[in-house]
Amino acid sequence: MYTLGIDSSTQSVKALVYDAGAKKAVASASVNFGRELPEFNCPDGFLPNADPLVRQADPRLWLAGLEKVLGKLKDVFDTSKIDAIGGDGQQHGSVYLDSSWDGSAGGGYFSRAVSPIWMDSSTSAECRALDAKFGDGLRARTGSPAIERFTGAQIMKFAKDDPEAYAATAKIHLVSSFLCSVLIGGDAPVDTGDGAGMNLLDLGRMEWDREICDFVAPGLAGKLPRVAKPGEAAGTLAPYFAKFGLRPGIPVAVFTGDNPASLVGTGADKPGVAVISLGTSDTFFAAMPEFRTDPDGCGHVFGNPSGGCMSLACFKNGSLARERVRAEIGCDYAFFDEKAFELAGDTGKRAFPYFEAEITPVHEATGIEADFDWASASDAEKVVSVIRGQMLNMFERTRWIGKFDTIRVTGGASRSKGIRDTIAKVFGAKVETLDVTDSAALGGAILAARLLK
Ligand code: XUL
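Residues numbered from 1 in each chain as written. Predicted model: local features only at pLDDT ≥ 70, side-chain atom pairs only at ≥ 80, totals over all residues. Heavy atoms only, no water.

**So, the overall build of the protein**
Okay, so step 1: Each helix and strand counted, the protein has 15 helices and 23 strands in total.
Okay, so step 2: Dimensions of the protein, computed from the C-alpha atoms along their principal axes, are close to 60 × 55 × 45 Å.
Okay, so step 3: Taking all 453 residues of the protein together, the buried fraction comes to 62%.
Okay, so step 4: As displayed, the protein offers around 16500 Å² of accessible surface, 50% of which is attributable to carbon and sulfur atoms.
Okay, so step 5: Charged side chains of the protein number 48 positive and 58 negative; the gap between the two group centres comes to 3 Å. (Helix = DSSP H or I, 4+ residues; strand = E, 2+ residues; numbered from the N terminus. Buried < 20%, exposed > 50% of the residue type's maximum accessible area, 1.4 Å probe, protein only. Areas by Shrake-Rupley, 256 points an atom, 1.4 Å probe, with all protein chains shown as cover. Lys, Arg positive; Asp, Glu negative; His and termini not counted. Charge placed at Lys NZ, Arg CZ, Asp CG, Glu CD.)

Here it is as structure tokens:
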């Protein structure tokens, strides 16, 4: 029995085939948005913008990415053997659709040409309005205080800045539920993992909070997809996808966010271990035995796709920041991932990369902030101090989630021995790696396999 997991993340889309009997990945394909779809002008997954707080993507990029990755997968695997599909998308990004939206793969139905993504920080005014209206109640009800990248504040800004286009919007999907909709050729529901990243979901009832929706924008509740129960199927695969060798009619699981999908893919959907995902954003998350919110207001509670809730803290300056330090030094991965740590050892120095406006904690994009003279430091010291700074910050900001003896690391940068060793030291935990670095796609495939039981 084979299932397919599709992970549409910030900079790429991946497709992974999972052998549900042998419990292992057997084939995969991926498409890098910047390199392989340059016509959408999103080199790092978003459109260049003069305002550093604005981070938006062209939603057609995600459709083109889906087509391309399925085409590539067909070349390396007999896709007619796939029995179910699941998947996930980068969290918080929203897609605006007009009344011609029919779930087809062709596009042409966008009421807004751009989609704000999770890297956007341009909605502070809207967040302050939500704070003023709901205060701490927002965190108690939705699991998070008002957060700039969350979809509620983004919708509020859109409705205010462009009321006509908002009025012409019949449906607002998340990246995850949009792609799932296209696969089934109709409206897919939103899952509680990704839905909680909107500041609109009442986590007690796992339903949209009407009062918050009404405050955010007129008629909003009527434009949102329904909320799914964990483990639901969204529908069946549309005939269009036969062109990729897939069998129309196979079940498609409700898509979730990339972090909730990773929770499943790393096997951490039951309490006990925490996960650090080292991707465009770095995230720390764990299954949550009882509902508890971050007293400092940076962290979140989302639905766990396997039922109940999960905690999460997100750090915006993840892999793009590391890449930037590596480019400035001009070193290769062998040096960045390992050699630098052998050379510099335990200097105790710390540097924090703030290339993007940081969210945990809130900090402007000021570049490198080091507690020593950065300019005269050796290349090895620069690498080691940046990794130490990132992981110390993560440790401090995730104390509210709990203390863990075991941490599973995933995502591209988990290949780095230097980063893994730093995590082990800073968190005082055993660090485990997984065979598959793309645990989000794997999580999607596992959720699909659960439909076949
Ligand atoms: C989580 C978050 C990011 C995105 C992109 O809250 O904003 O981790 O999901 O990966």
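Picking up where we left off.
**Observations concerning the site of the ligand**
Okay, so step 1: Around the ligand, the neighbouring residues are Gln-91, His-92, Trp-118, Arg-149, Asp-258, Asn-259, Ser-281, Thr-283, Leu-312 and Cys-314.
Okay, so step 2: Take His-92: an N or O atom from its side chain is 2.6 Å from an oxygen atom of the ligand.
Okay, so step 3: Among the elements of the structure, helix H10 (258–265) and strand S17 (309–315) are those that each provide at least two residues to the shell around the ligand.
Okay, so step 4: Classifying every residue of the shell around the ligand by side-chain character gives three nonpolar, five polar and two charged. (Near = heavy atom within 4 Å. Polar contact = N/O pair within 3.5 Å; in protein donor to acceptor, adjacent residues only side chain to side chain. Nonpolar A, V, L, I, M, F, W, Y, C, P; charged D, E, K, R; others polar.)

**Examining the pattern of salt bridges**
Okay, so step 1: All told, the structure shown has 31 salt bridges when counted by the stated rule.
Okay, so step 2: Note that Glu-36 and Lys-72 form a salt bridge whose closest N and O atoms lie 2.7 Å from each other. Pair noted here: Glu-36 is in helix H1 (residues 33–36) and Lys-72 is in helix H2 (residues 59–76), with a separation of 36 residues, a long-range link.
Okay, so step 3: The exposure class of Glu-36 is partly exposed, given its relative accessible area of 24%.
Okay, so step 4: For the salt bridge of Asp-83 with Arg-247, the shortest nitrogen-to-oxygen distance reads 3.2 Å. Taken together, the residues Asp-83 in strand S5 (residues 82–89) and Arg-247 in the loop between strand S11 (233–236) and strand S12 (251–253) connect sequence positions 164 residues apart. (Salt bridge = Lys/Arg side-chain N within 4 Å of Asp/Glu carboxyl O.)

**Re the sheet that holds strand S22 (residues 406–410)**
Note on sheets: strands pair through backbone hydrogen bonds, and any given pair is parallel or antiparallel.
Okay, so step 1: Judged by pairing direction, the sheet is mixed, and its six strands sit side by side in the order S16-S17-S15-S14-S22-S23 without closing on themselves. The open sheet is flanked by strand S16 (300–303) and strand S23 (430–433), the only strands paired with a single partner. Direction aside, the axes of adjacent strands within the sheet are offset by 30° on average.
Okay, so step 2: Lying over the sheet, H10 contacts strand S15 (282–288), S16, S17 and S22, oriented at roughly 60° with respect to S15. (Pairing = 2+ DSSP bridges. Axes fitted to C-alpha atoms, helices over the stretch in contact; angles between N-to-C directions. Contact = heavy atoms within 4.5 Å.)

**A closer look at the environment of Leu-138**
Okay, so step 1: Here Leu-138 shows up in helix H4 (residues 137–142).
Okay, so step 2: Beyond its immediate chain neighbours, meaning those up to four positions away, Leu-138 contacts Leu-130, Gly-143, Ser-144, Pro-145, Ala-146, Asn-199 and Ile-212.

**Some details on the side chain of Asp-209**
Okay, so step 1: Mapped onto the elements, Asp-209 comes out in the loop between strand S10 (207–208) and helix H9 (210–216).
Okay, so step 2: Within the structure, the side chain of Asp-209 is placed 2.9 Å from the side chain of Arg-141, a separation counted as a polar contact.
Okay, so step 3: Once residues within four sequence positions are removed from consideration, Asp-209 is found in contact with Arg-141, Leu-200 and Asp-202.

**Looking at the domain arrangement of the protein**
Okay, so step 1: The assigned domain composition of the protein is domain 1 (2–261 + 437–450) and domain 2 (268–433).
Okay, so step 2: Computed from C-alpha atoms alone, the centre-to-centre distance between domain 1 and domain 2 is 25 Å.
Okay, so step 3: Tallying the contact residues gives 36 residues for domain 1 and 33 residues for domain 2.
Okay, so step 4: Summed over the three residues of domain 1 that lose the most area to domain 2, namely Trp-118, Arg-139 and Asn-259, the buried surface amounts to 22% of that side.
Okay, so step 5: A salt bridge links Arg-55 to Glu-356; the nearest nitrogen and oxygen atoms lie 3.1 Å apart.
Okay, so step 6: Scanning the region where domain 1 abuts domain 2 turns up 14 residue pairs in polar contact (both at pLDDT 80 or more).
Okay, so step 7: For the side of domain 1 that touches domain 2, the elements supplying multiple residues, two or more each, are H4, helix H8 (192–195), H10 and helix H15 (439–451). (Domains from an automatic or database assignment. Buried area = accessible area lost by both parts, 1.4 Å probe.)

**Structural notes on helix H14 (residues 417–427)**
Okay, so step 1: Of all the positions in H14, only Gly-418, Ile-419, Thr-422, Ile-423, Val-426 and Phe-427 are classed as buried. For H14, the arc enclosing every buried residue in end-on projection is 140°, short of the 170-degree limit, so these residues lie on one face.
Okay, so step 2: Just downstream of H14 lies Gly-428, where phi reads positive at about 55°. (Arc of directions from axis to C-beta.)

**Thoughts on the pairing of strand S14 (residues 274–278)**
Okay, so step 1: Counting buried residues in S14 gives five out of five residues, a clear majority hidden from the surface.
Okay, so step 2: Judged by which residues are buried, S14 turns out to be covered on both faces: Ala-274, Ile-276 and Leu-278 on one side and Val-275 and Ser-277 on the other are all buried.
Okay, so step 3: The hairpin turn running from S14 into S15, its antiparallel successor, is three residues long.
Okay, so step 4: Pairing of S14 with S22, which is carried by four bridges, proceeds in the parallel orientation. Paired with Ile-276 across the bridge in S22 is Val-409.

**Here's the deal with the packing of aromatic side chains**
Okay, so step 1: One pass over the structure, following the stated rule, counts 17 aromatic pairs.
Okay, so step 2: A centroid spacing of 5.3 Å and a plane angle of 75° characterise the contact between Tyr-2 and Phe-77, whose relative ring orientation is edge-to-face. Of this pair, Tyr-2 sits in strand S1 (residues 2–8) while Phe-77 sits in the loop between H2 and S5; the two residues are 75 residues apart in sequence, bridging distant segments of the chain.
Okay, so step 3: On the accessibility criterion, Phe-77 (14% relative accessible area) is buried.
Okay, so step 4: For the ring pair Tyr-109 and Phe-110, a centre distance of 5.1 Å and an interplane angle of 65° mean the geometry is edge-to-face. (Phe/Tyr/Trp six-rings, centres within 6.5 Å; stacked < 30°, edge-to-face > 60°.)

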